[in-house]
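What follows is each chain in one-letter form.
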Amino acid sequence: MDKASADCPYPGCFFCVMKEGNPSKRRASIIKFFRDLPSQDDDGQVLPISGLWNTAMAHPNDPEFIELGIFECMAALIWKGLKNRRWLSHDQNIYIPYYAAHIIGSYTMNMEEFAESAVRAGVIPPLVELLRGRLTWVEQRVAVRALGHLATYPSTFSAIANHGEILELSIQLAMSSLEIVYTHFYQNVDRRISYHCDLLTRGMGGVEMESRKAEEWASQLQCWSLQLINCFAFKPEFLSTICKPDLLVKLPGMWGGLVNENSPAGIGLLRTICHHKYGRGPVASCPGIIEALCNIARSSDDWQYMAIDCLLWLLQDPTTCSKVIDKAVPALLDLTEITTLGDHKKLGDTIVNVLQECLESQGTGRNSISSRVKEEIEEVLSSRQRLKWEKNMPKEDLHIKHAAALVVKLEGNSLFSSGNISGAASKYSEALALCPVRSKKERVVLYSNRAQCYLLLQQPVAAISDATRAICLHNPLNRHAKSLWRRAQAYDMLGLAKESLLDAILFINECSQSNDPDLSLRQNKVPDYAERLVKKQMRAAWLFKDASVKHGGVQCEGDTGHAYGQEADDSEWETASESDIGNDERDELGDDDCDWKTEDERKDKYDKPSMKGTMIRATFPFSQLELRFT
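Residues numbered from 1 in each chain as written. Predicted model: local features only at pLDDT ≥ 70, side-chain atom pairs only at ≥ 80, totals over all residues. Heavy atoms only, no water.

Engineer: Which parts of the structure should I look at to understand the overall build of the chain?
Structural biologist: On a plain count of helices and strands, the chain comes out with 32 helices and four strands. Within the chain, the fraction of its 630 residues that count as buried is 56%. Only carbon and sulfur atoms are counted for the fraction: they give 50% of the accessible area of the chain, which is about 26500 Å². (Helix = DSSP H or I, 4+ residues; strand = E, 2+ residues; numbered from the N terminus. Buried < 20%, exposed > 50% of the residue type's maximum accessible area, 1.4 Å probe, protein only. Areas by Shrake-Rupley, 256 points an atom, 1.4 Å probe, with all protein chains shown as cover.)

Next comes the structure, spelled out in structure tokens:
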């Protein structure tokens, strides 16, 4: 090449072009650069492409490059990589299709007019080829991301839908993405493609960093696939393709996303499907989905309301109500005390209203409600009626009822201490019947104590129900540490690793913020019993667990037996302090936090050094699940 200047040997160098001070010359040079780049075979082409990638990441809403032809250039470069393997293997050109697809995705992420320009530039066909797996899973990841952004906008969705195979490909990718990454990268360290390692570590190096990043990218690959499917799911004509049993049964378990919390994940896609009458039938008929939705609805995470919405819609639909009512109602009954969950106001009241409609519809012959479910609904309706009566009761009468409940609760505590667990549970039930509905703090304690009894009686389902009710009653919602821990143990007894892991981590979070000396983490040390359970569930819920077992890798099984015992909980029961009654009197039995007293037989567990300097990360799309201990 002829030298253009003393400083740069390349005419039309992208970095020199960007330094051009004359706007008209700069514009003309950029247009020429985008037009000529795909036809060049010079070394060093990856440098300007990586520079464009950084620009697109930092300034995705800047229209300059869009107007000057960047989409046409990126589409041509992807085609070149697909068709000319000699060029692709030369120098560092192997990176170019990845960067090109990533650039398309970044510029179409926020701006509909940019997406329209991308479609006109012909980006969809080469992206579809990457989605098919013509190169590797790394390019599939950025291709499905870009196509998902294009499918988001009304003006460009039809262009995506016209490529009929996109939906089928994204469904297959959602179901197989974890296995693809495991078999093509994670399992065979010695055969990893070098540029994959470079992309994953981004200069940080190390096999451990590569593996962690691969897990993150695998999760993103799945979530971006789900996001693309979700765009189709809003259109009824595509539901027959989406609502196949092999996909539906896996959706509740697709909790991936790690750092991509805006993805709908599997539960988000299920919510979109259940929103439409054509989707509810297949969901209600698919074994295991309702039970999984019930577990997610009880969970303390960002997707909780989505599962609740699914269950409510299924109950309100006369064609699906009878199929789900026996499983859905018990879970929803545990959630009737929720007031506000995110943007959902008076969610508990909404749940009660739907349950009442289910009960009333029995008289029309529309539904078939078992006597057990009927009794449970009537009980919660009776509780709401009690609350109305209490508003008109003299305060003195309420205090008498509160005091009577406290006496019975203390009897339960005494029975518990003497080893009569069944008798203690009965006393807590009696106290709940006496306790004013408005005495929320006291009811939190009673439900939590009874949950501990059910744990020791090996009744995990009942323990989950009571712990959930305590968590919903507590202010703030989903923050009652001891109930979170007890529910984590109950989920462990049922083999529900992800749910147990989530609660265990949230328990640790609450301990780290607690003023209770029995719960606070001294010097940021995690209680050893919580550490054992978290480690066990992280092994059991590992992102690549199923793929590893299938392909003969290390089977990351949990420890044999339970990671806890009676000795693992620092307090077998708890009681509101005497000052709680005074607080309730001053606040008219309101929601202020009460002081907790606990047994301190096993406080020494908090003094043991554990997990110091480590990070707990769960495979969920929620930032609060990452804890750092220094």
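Structure shown, so let's carry the discussion forward.
Engineer: Sorry, what's going on with the packing of aromatic side chains here?
Structural biologist: Geometrically, a pair of aromatic rings is defined through the distance of the ring centres and the angle of the planes. Taken as a whole, this structure holds 22 aromatic pairs when the rule is applied. Centroid distance Phe-71 to Tyr-107: 6.5 Å. Interplanar angle 85°. Geometry classified as edge-to-face. Here the residue Phe-71 occupies a position in helix α5 (residues 70-83), and Tyr-107 occupies one in helix α7 (residues 96-107), the gap between them amounting to 36 residues. With 5.0 Å between their ring centres and 85° between their planes, Phe-232 and Phe-238 make a pair best called edge-to-face. We classify Phe-238 as buried; its relative accessible area is 16%. An aromatic cluster is built from Trp-53, Tyr-95, Tyr-98, Tyr-99, Trp-137, Phe-185, Tyr-195 and Trp-217, whose rings are joined through pairwise contacts. The ring of Trp-79 has Lys-83 sitting right over it, with the charged end atom 4.7 Å from the ring centre. One cation-aromatic arrangement involves Lys-235 over Phe-157; the distance from NZ or CZ to the ring centre is 5.3 Å. (Phe/Tyr/Trp six-rings, centres within 6.5 Å; stacked < 30°, edge-to-face > 60°. Lys NZ or Arg CZ within 6 Å of the ring centre and 35° of its normal.)

Engineer: Looking at this model, I keep getting lost on the environment of Gly-51. Mind explaining?
Structural biologist: Inspection of the secondary structure assignment puts Gly-51 in helix α3 (residues 46-58). According to the relative accessible area criterion, Gly-51 is buried, its value standing at 15%. For the pair Gly-51 and Phe-14, spaced 37 residues apart in sequence, the C-alpha to C-alpha distance is 9.0 Å.

Engineer: What is the right way to look at the packing of helix α26 (residues 440-456) against helix α28 (residues 481-493) in this model?
Structural biologist: Describing two packed helices takes the angle between their axes plus the distance from one axis to the other. It is at 10 Å that the axes of α26 and α28 come closest, and there the two elements cross at 25°. Here α26 lies roughly parallel to α28, going by the angle between them. The interaxial crossing formed by α26 with α28 has left-handed handedness. The residues of α28 that touch α26, namely those facing Ser-448, Asn-449, Gln-452 and Leu-455, are Lys-482, Ser-483, Arg-486, Gln-489, Ala-490 and Met-493. Partitioning the contact of α26 with α28 into residue classes produces three nonpolar, five polar and two charged. (Axes fitted to C-alpha atoms, helices over the stretch in contact; angles between N-to-C directions. Parallel < 35°, antiparallel > 145°, perpendicular 65-115°, else oblique. Left-handed = near helix turned anticlockwise from the far one by under 90°. Contact = heavy atoms within 4.5 Å. Nonpolar A, V, L, I, M, F, W, Y, C, P; charged D, E, K, R; others polar.)

Engineer: I keep staring at the environment of Leu-270 and nothing clicks. Help me out?
Structural biologist: Counting through the fold element by element, Leu-270 comes out in helix α17 (residues 265-275). Its relative accessible area of 0% is what places Leu-270 among the buried residues. Contacts of Leu-270, omitting those with residues within four sequence positions, involve Leu-248, Leu-251, Pro-252, Val-283, Ile-289, Leu-293 and Cys-310.

Engineer: For this particular structure, what's the right way to read the pattern of salt bridges?
Structural biologist: With the rule as written, the count across this model stands at 24 salt bridges. Note that Arg-271 and Asp-309 form a salt bridge whose closest N and O atoms lie 2.8 Å from each other. Here Arg-271, found in helix α17, pairs with Asp-309, found in helix α20 (residues 304-316); they are 38 residues apart in sequence, far enough to count as distant. The class for Asp-309 is buried, based on a relative accessible area of 8%. With a shortest N-O distance of 2.6 Å, Arg-384 and Asp-349 are connected by a salt bridge. Linking Arg-384 in helix α23 (residues 371-391) with Asp-349 in helix α22 (residues 347-361), this pair joins segments that are 35 residues apart in sequence. Where salt bridges share partners, they join Glu-129, Arg-132, Arg-134 and Glu-165 into one cluster. (Salt bridge = Lys/Arg side-chain N within 4 Å of Asp/Glu carboxyl O.)

Engineer: Would you mind showing me how to read unusual backbone geometry here?
Structural biologist: Among all residues except glycine, the phi angle is most often negative; among peptide bonds, the trans geometry is most common. Pro-476 follows Asn-475 through a cis peptide bond whose omega is 10°. Positive phi values are uncommon outside glycine, yet Lys-346 reaches one of about 50°. Residue placement: Lys-346 occurs in the loop between α21 (321-333) and α22. Look at Asn-478: it is not a glycine, yet its phi comes out positive at around 60°. On the secondary structure map, Asn-478 appears in the loop between α27 (460-473) and α28.

Engineer: Any chance you could explain the side chain of Arg-450 here in plain terms?
Structural biologist: The topology assignment puts Arg-450 in helix α26. Of note is the side chain of Arg-450, whose polar atom sits 2.5 Å from the side chain of Asp-466. (Polar contact = N/O pair within 3.5 Å; in protein donor to acceptor, adjacent residues only side chain to side chain.)

Engineer: Would you explain the packing of helix α9 (residues 124-131) against helix α10 (residues 137-152) in this entry?
Structural biologist: Where α9 contacts α10, the two axes come as close as 8 Å, and the packing angle between them is 135°. By the angle class used here, α9 and α10 are oblique. The element α9 and its partner α10 pack so that their crossing is left-handed. Contacts from Ile-124, Leu-127, Val-128, Leu-130 and Leu-131 in α9 reach Glu-139, Gln-140, Ala-143, Val-144, Ala-146, Leu-147 and Leu-150 in α10.

Engineer: Hey, could you run me through α26 in this one?
Structural biologist: Structural remark: α-helix, 3.6 residues per turn; residues separated by three or four positions point the same way. If you check α26, its first and last C-alpha atoms are 25 Å apart, about what 17 residues at 1.5 Å a residue would give, namely 24 Å. The element α26 is extensively covered by neighbouring structure, given that 15 of its 17 residues are classed as buried. (Expected span 1.5 Å × (residues − 1).)

Engineer: Could you clarify how one ought to interpret helix α24 (residues 395-417) in this entry?
Structural biologist: Taking 1.5 Å of rise per residue, the 23 residues of α24 would be expected to cover 33 Å, and the 33 Å separating its terminal C-alpha atoms lies within 8% of that figure. Those residues of α24 not exposed but buried are Leu-398, His-402, Ala-405, Leu-406, Val-408, Lys-409, Gly-412, Asn-413 and Phe-416. With its phi angle positive at about 95°, Gly-419 sits one or two positions after the end of α24.

Engineer: Teacher, can you tell me more about the environment of Ser-211 here?
Structural biologist: Here Ser-211 lies in helix α14 (residues 207-233). Spatially, the C-alpha atom of Ser-211 lies 9.3 Å from that of Val-189, the residues being 22 residues apart in sequence. In this structure Ser-211 touches Tyr-186 and Arg-192, once residues within four positions along its chain are discounted.

Engineer: Just checking my understanding: could you explain the confidence of the model for the chain for this structure?
Structural biologist: Caution applies to low-pLDDT parts of the model: their predicted coordinates are not meant to be read in detail. Across the chain, the average pLDDT comes to 83, with 81% of residues at or above 70. Predicted confidence is poor over residues 1-5, with pLDDT under 50, and the contacts of this stretch with residues over four places away or in other chains come to nine contacts. Long-range and interchain partners of residues 555-630, a stretch whose pLDDT sits below 50, account for 208 contacts in this model, where long-range means more than four residues apart. (pLDDT = per-residue confidence, 0-100.)

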